[in-house]
Amino acid sequence: VNQQTDESIRSSAQGLFMLMTNGLGATIGTLAAQFVVNHYVYANADNIALSIEGWRISWTIFAVYALLVAVAFALVFRKK
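Residues numbered from 1 in each chain as written. Predicted model: local features only at pLDDT ≥ 70, side-chain atom pairs only at ≥ 80, totals over all residues. Heavy atoms only, no water.

Draft legend 1. Region of the structure containing the overall build of the protein chain. What the protein chain contains, in helices and strands, is 2 helices and 0 strands. Relative to its length of 80 residues, the protein chain is extended, with a C-alpha radius of gyration of 18 Å against a globular reference of 12 Å. In terms of overall dimensions, the protein chain has a C-alpha envelope of 60 × 25 × 10 Å along the principal axes. Within the protein chain, buried positions represent 10% of all 80 residues. For the protein chain, the exposed surface amounts to about 6800 Å²; the carbon and sulfur share of it is 68%. (Helix = DSSP H or I, 4+ residues; strand = E, 2+ residues; numbered from the N terminus. Rg over C-alpha atoms; globule rule 2.2 N^0.38 Å. Buried < 20%, exposed > 50% of the residue type's maximum accessible area, 1.4 Å probe, protein only. Areas by Shrake-Rupley, 256 points an atom, 1.4 Å probe, with all protein chains shown as cover.)

Written out as structure tokens, the structure reads:
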């Protein structure tokens, strides 16, 4: 943000960046993770084996998502 914005709007740009990453991003991420865990883990809470398998599936989904975000970030924010 510091390198891409004019000094007159730098503080506003930093505030917007923080809102998008720590505000909206965290909220959407929390809701999505809650949906995944509820669907795969707690839907099978009466069966321990299915619940454990649900956690494995949930963590696999989270890991794949993190990998996709890392690849997208590397592709979008290449140094020019």
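Draft legend 2. Spotlight on helix α1 (residues 10–40). With 31 residues, α1 extends 43 Å between its outermost C-alpha atoms, agreeing within 8% with the 45 Å of an ideal straight helix rising 1.5 Å per residue. At Gly25, α1 shows its maximal kink, close to 35°. Buried residues of α1: Ala13, Val36 and Val37, and no others. (Expected span 1.5 Å × (residues − 1). Bend = angle between axes of the 7 residues up to and from the residue.)

Draft legend 3. Focus on a nonpolar patch on the surface. A cluster of nonpolar residues, Leu67, Val71, Phe73, Leu75, Val76 and Phe77, forms a patch on the protein surface that exposes about 650 Å² of accessible area. You can see Phe73 is positioned in helix α2 (residues 48–76). (Patch = residues over 30% accessible without salt bridge, like charges linked within 9 Å, V, L, I, M, F, W, Y side chains within 5 Å. Salt bridge = Lys/Arg side-chain N within 4 Å of Asp/Glu carboxyl O.)

Draft legend 4. Region of interest: α2. In this model α2 runs 42 Å from its N-terminal to its C-terminal C-alpha over 29 residues, within 8% of the 42 Å that 1.5 Å per residue would give. Every buried residue belonging to α2 is among Ser51, Gly54 and Ser58, and all of these are buried. The distance from a side-chain oxygen at the start of α2 to the backbone nitrogen of Ala49 is 3.1 Å, and the residue carrying that oxygen is Asn47. (Polar contact = N/O pair within 3.5 Å; in protein donor to acceptor, adjacent residues only side chain to side chain.)

Draft legend 5. Spotlight on the environment of Arg78. One can find Arg78 in the segment after α2. Along the chain, Arg78 and Asp46 lie 32 residues apart, while their C-alpha atoms are 48 Å from each other.

Draft legend 6. Structural view of the packing of aromatic side chains. What the rule picks out here adds up to 3 aromatic pairs. Centre to centre, the rings of Trp59 and Phe62 are 5.5 Å apart; their planes meet at 90°, and the pair counts as edge-to-face. Highlighted residues: Trp59 and Phe62, both in helix α2, separated by 3 residues, approximately one helical turn. When its relative accessible area of 23% is taken as the criterion, Phe62 is described as partly exposed. Their ring planes at 45° and their centres at 4.7 Å tell us that Phe73 and Phe77 sit as a pair that is tilted. (Phe/Tyr/Trp six-rings, centres within 6.5 Å; stacked < 30°, edge-to-face > 60°.)

Without other data, these values stay purely geometric and don't point to any function.
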